[in-house]
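Inside the fold
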Amino acid sequence: MRTSTTTTSSGITLSTKSCRIKFARRFLRSLAEIKKQKRSSASSSEEEICKRSKRIKMAAYSSMARAVGPRMNWSRALLFKLRNRVSYPRLVKKKKRVTVRSNKVPRSKSSVHIDRGNKLRKLVPGGKSMDYICLLEETAHYITCLNTQVKVMQAIADNLSK
């Protein structure tokens, strides 16, 4: 395992190896809890499988945010969102808007950066309340954590498939 540390502009030092270990422990505990819940329900219908996969996804996000702790804005926003989520399913799914630009007007570089920043704000938890520089820093850390999450989940899958 490669250990890398990152120091943010606010002086916070983050270690990838310690985050990976913390995430793995929390995620495995969460998976064990989900497995216990699975045994109590006898049916394995499509609806039950969908519920279980959502629980696993939420456990992964929660484990990742807790491994990082309250040091980063995205982890605080993600934990807040998970803590305050609605327990009933969405009745009506949102339709994606398709925007068509008929006239291609040359845009300045600053408007391109604003558009990219706004797209990034939608992807990073808590991004709506950040300035552009903080947003880039949080995005870099969020991507690193998502990469760590994928590696840990892949290692778990590899070990279970042996």
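Residues numbered from 1 in each chain as written. Predicted model: local features only at pLDDT ≥ 70, side-chain atom pairs only at ≥ 80, totals over all residues. Heavy atoms only, no water.

**With respect to the overall build of the protein**
Stated precisely, the cut-off is as follows: Strands here are runs of E lasting at least two residues and helices are runs of H or I lasting at least four, both read from the DSSP assignment and numbered beginning at the N terminus. Note on exposure labels: buried denotes an accessible area under 20% of the residue type's maximum, exposed denotes more than 50%, and partly exposed covers the range between, all computed with a 1.4 Å probe on protein chains only. Here, two residues are considered to be in contact whenever any of their heavy atoms come within 4.5 Å of each other. Working definition of accessibility: Shrake-Rupley area with a 1.4 Å probe, residue cover restricted to the visible protein chains.
Along the protein, the regular secondary structure elements total five helices and two strands. Helices and strands appear in the protein in the N-to-C order β-β-α-α-α-α-α. With 162 residues in all, the protein has 26% of them scored as buried. Across the protein, the fraction of contacts at a sequence separation of at least 24, relative to all contacts at a separation of at least 6, is 52%. For the protein, the accessible surface area stands at approximately 12,600 Å², while carbon and sulfur atoms represent 56% of it.

**Some points on helix 2 (residues 46-68)**
Condition: Expected span of a helix: the number of residues minus one, times 1.5 Å.
An ideal rise of 1.5 Å per residue puts 33 Å on 23 residues; helix 2 measures up with 34 Å between its terminal C-alpha atoms. Regarding helix 2, the residues found buried are Glu 48, Arg 52, Ala 59, Ala 60, Ser 62, Ser 63, Met 64, Ala 65, Ala 67 and Val 68.

**Some remarks on the side chain of Arg 121**
Operational definition: The sign given to each residue is positive for Lys and Arg and negative for Asp and Glu; His and the chain ends receive no count. Whenever a carboxyl oxygen of Asp or Glu lies within 4 Å of a side-chain nitrogen of Lys or Arg, that contact is scored as a salt bridge.
As for its placement among the helices and strands, Arg 121 is situated in helix 4 (residues 109-123). Put simply, Arg 121 is tucked away with no salt bridge, and the nearest opposite charge, on Asp 131, sits 6.7 Å away. Non-local contacts of Arg 121, meaning those with residues more than four positions away in its chain, are made with Gly 127, Lys 128, Met 130, Asp 131, Tyr 132 and Leu 135.

**Some remarks on the pattern of salt bridges**
A complete count under the given rule lists two salt bridges for this structure. Lys 36 is the partner of Glu 33 in a salt bridge, and the nearest nitrogen-oxygen pair spans 3.7 Å. On the criterion of helical spacing, the pair formed by Glu 33 and Lys 36 is a turn pair, its members being three residues apart in helix 1 (residues 16-40). On the basis of relative accessibility, which here comes to 43%, the residue Glu 33 falls in the partly exposed class.

**A closer look at the confidence of the model for the protein**
Quick reminder of the rule: For every residue, the predictor assigns a confidence score, pLDDT, that lies between 0 and 100.
Looking at the protein as a whole, the pLDDT averages 79, with 70% of positions reaching at least 70. The lowest-confidence element of the protein is strand 1 (residues 5-7), averaging 52 in pLDDT; the highest-confidence one is helix 5 (residues 132-160), averaging 92. In this model, residues 88-93 is a region of pLDDT below 50 whose contacts with residues beyond four sequence positions or in other chains number zero contacts.

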